[in-house]
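Close look at the chain arrangement
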Amino acid sequence: MSAAFEIFLQGAPGLEEILAEEARDSGFTHAEPVPGGAVLKGQWTTVWRANLKLRGANAVLARIGGFPAVHLAQLDKRARGFAWGEVLRADVPLRVEVVASKKSKIYHAGAAQERIERALSEDFGATIDPGAQVTLKTRIQRDYVQFSVDTSGEGLHKRGHKPAVGKAPMRETLAALFLRQAGYRGDEPVLDPMCGSGTFVLEAAEIAAGLWPGRDRAFAFEHLATFKPELYAKIRAEAPAPKTDLPVFHGSDRNAGAVEMAGRNAEAAGLAGAIRFHHRALSDIERPEGKPGLVIINPPYGARIGDRRQLFALYARIGEVLRERFSGWRAAIITSDGGLARASGLPFLPTTPPVDHGGLKVTLYHTAPLP
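None of these values were measured; they are calculated from a predicted model.

**Some details on the overall build of the protein chain**
Across its full length, the protein chain holds 10 helices and 14 strands. The C-alpha radius of gyration computed for the protein chain amounts to 23 Å, which stays within 12% of the reference 21 Å derived for 371 residues, consistent with globular compactness. Across its three principal axes, the protein chain shows a C-alpha extent of roughly 70 × 45 × 35 Å. When the 371 residues of the protein chain are sorted by exposure, 51% land in the buried category. Each charge class in the protein chain was averaged separately, 47 positive and 41 negative side chains, and the resulting centres sit 3 Å apart.

As structure tokens, then:
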């Protein structure tokens, strides 16, 4: 339990720096960005805490070891001699995923997967099940076979307390990283005038309250040989009491069903007292009383060409409403179309590389406090 190993925090490509920053701010002091996420060194207790506490990670992978191999027979022999029992349990089904680089002599991922599965089944006694909660991820690169266990199981965007989800939702993990990229740290109000099922507003309120995102769900690491229930219970007990002196968060949508869903989600998260949801069109939004904060919007984009003119009018109206009513507030818009963002007329700061969201490349366009 005390030996340190590498832990990979899988995140959205393009937001690696933001994820590493969140990890460091959450107590994982040596987290560094790498392509596709961030890495740090730690123990199994570090893995548990990362799953419980991090909002921007999609999954937490434990690098459990590996070996060089230049042909399938060598892979087979060394996989049979690998100390699987130090991490995996023979009585818990698992699935195997393999990615093989063409720069390796073993480049056929399917053949490599078959050898690893056979070794696990015949020599370790494991049951291979494509639907298993525990996943052994294997990367073969430059003739080195690297094994990692996905310790999260279901993606970490599934917080465990969001019963209602609308169409084309933004994942909670991506929303949390965009909030951070826009400068949100939990000490100001947030308003989303196209809130859908409330993802941005709920994430912002949870950050302000100091709630751990994984507090209501189970993880794959609970089915590993390294899991210690009593120690894990102590770590869960470290969670701070939710803060109660919170800013008021606001969400609105022209779709009454979306507003009803968002309200149910706020109730399930225990945050209904801090959030106000309204059935309201964009043109009817009002500046809340009190100190300024952040308006964040994920408007429609990537629509059919025939609808693009209508979208330009929408983005122009967004900019008009924000400039007229939200002086002192910062604005953030997520879109796949820079032309639409510019149609808002808002004074955006320099942007960072785009991020994959639902097959589209989207960018956060955000401002300093509006004049």
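**Focus: the pairing of strand E7 (residues 144–150)**
Taking burial as the measure, the 7 residues of E7 include 5 buried ones, the bulk of the element. Adjacent in sequence and paired antiparallel, strand E6 (residues 134–141) and E7 are bridged by 2 residues, among which arginine 142 carries a positive phi angle near 50°.

**As for the nonpolar core**
Within the largest apolar cluster, 111 residues are counted, with the highest numbers of intra-cluster contacts made by Leu9 and Phe249. The leading source of residues in this core is helix H6 (residues 199–209), at 7 residues. The contact partners of leucine 9, leaving out residues within four places of it in the chain, are Leu19, Ala23, Gly36, Gly37, Ala38, Leu40, Ala50, Leu54, Ala57, Ala59 and Val60.

**Here's the deal with the packing of helix H2 (residues 44–53) against helix H7 (residues 229–236)**
Relative to each other, H2 and H7 sit at 45°, their axes nearing to 11 Å. As the angle between them shows, H2 and H7 are arranged oblique. For the pair H2 and H7, the sense of crossing is right-handed. Here Thr45, Trp48, Arg49 and Leu52 of H2 come into contact with H7, specifically with Leu231, Tyr232, Ile235 and Arg236. Partitioning the contact of H2 with H7 into residue classes produces 5 nonpolar, 1 polar and 2 charged.

**Describing the sheet that holds strand E3 (residues 37–42)**
Sheet architecture is open: 7 strands sit in the order E2-E3-E1-E4-E7-E6-E5, paired in mixed fashion. Looking at strand neighbours, the two that pair on one side only are strand E2 (32–34) and strand E5 (94–100), the edges of this open sheet. Averaged over all pairs of adjacent strands, the angle between strand axes in this sheet comes to 30°, irrespective of strand direction. Alignment of E6 against E7, held across 7 bridges, turns out to be antiparallel. Bridging across to E7, leucine 136 finds its partner in valine 149. Along the sheet, helix H1 (residues 16–25) contacts strand E1 (5–10), E2 and E3; its crossing angle with E2, the most-contacted strand, is approximately 155°. Helix-sheet contacts for helix H4 (residues 109–124) involve E5, E6 and E7, and the interaxial angle to E5 is about 145°.

**Thoughts on the packing of aromatic side chains**
One pass over the structure, following the stated rule, counts 15 aromatic pairs. Consider the rings of tryptophan 48 and phenylalanine 221, whose centres lie 6.0 Å apart with planes at 25°: the pair is stacked. Pair noted here: tryptophan 48 is in helix H2 and phenylalanine 221 is in the loop between H6 and H7, with a separation of 173 residues, a long-range link. Taking 5.3 Å as the distance between ring centres and 80° as the angle between the ring planes, the aromatic pair formed by phenylalanine 221 and tyrosine 232 counts as edge-to-face. Taken as a pair, phenylalanine 221 in the loop between H6 and H7 and tyrosine 232 in helix H7 lie far apart in primary sequence, 11 residues in all.

**Description of the pairing of strand E14 (residues 360–366)**
Across the 7 residues of E14, 5 count as buried, placing the element largely inside the fold. Sheet analysis places strand E12 (residues 330–335) next to E14, joined by 4 bridges and oriented antiparallel. Bridging across to E14, isoleucine 333 finds its partner in tyrosine 365. With 3 bridges connecting them, strand E13 (residues 355–357) and E14 associate as antiparallel partners. Directly across from aspartate 356, in E14, lies its bridge partner lysine 361. Taken together, E13 and the strand that follows it, E14, pair antiparallel across an intervening segment of 2 residues, in which glycine 358 is found at a positive phi of about 60°.

The rules behind these values
- Residues numbered from 1 in each chain as written.
- Predicted model: local features only at pLDDT ≥ 70, side-chain atom pairs only at ≥ 80, totals over all residues.
- Heavy atoms only, no water.
- Helix = DSSP H or I, 4+ residues; strand = E, 2+ residues; numbered from the N terminus.
- Rg over C-alpha atoms; globule rule 2.2 N^0.38 Å.
- Buried < 20%, exposed > 50% of the residue type's maximum accessible area, 1.4 Å probe, protein only.
- Lys, Arg positive; Asp, Glu negative; His and termini not counted.
- Charge placed at Lys NZ, Arg CZ, Asp CG, Glu CD.
- Pairing = 2+ DSSP bridges.
- Core = buried A, V, L, I, M, F, W, Y, C linked by side-chain atoms within 4.5 Å.
- Contact = heavy atoms within 4.5 Å.
- Axes fitted to C-alpha atoms, helices over the stretch in contact; angles between N-to-C directions.
- Parallel < 35°, antiparallel > 145°, perpendicular 65-115°, else oblique.
- Left-handed = near helix turned anticlockwise from the far one by under 90°.
- Nonpolar A, V, L, I, M, F, W, Y, C, P; charged D, E, K, R; others polar.
- Phe/Tyr/Trp six-rings, centres within 6.5 Å; stacked < 30°, edge-to-face > 60°.

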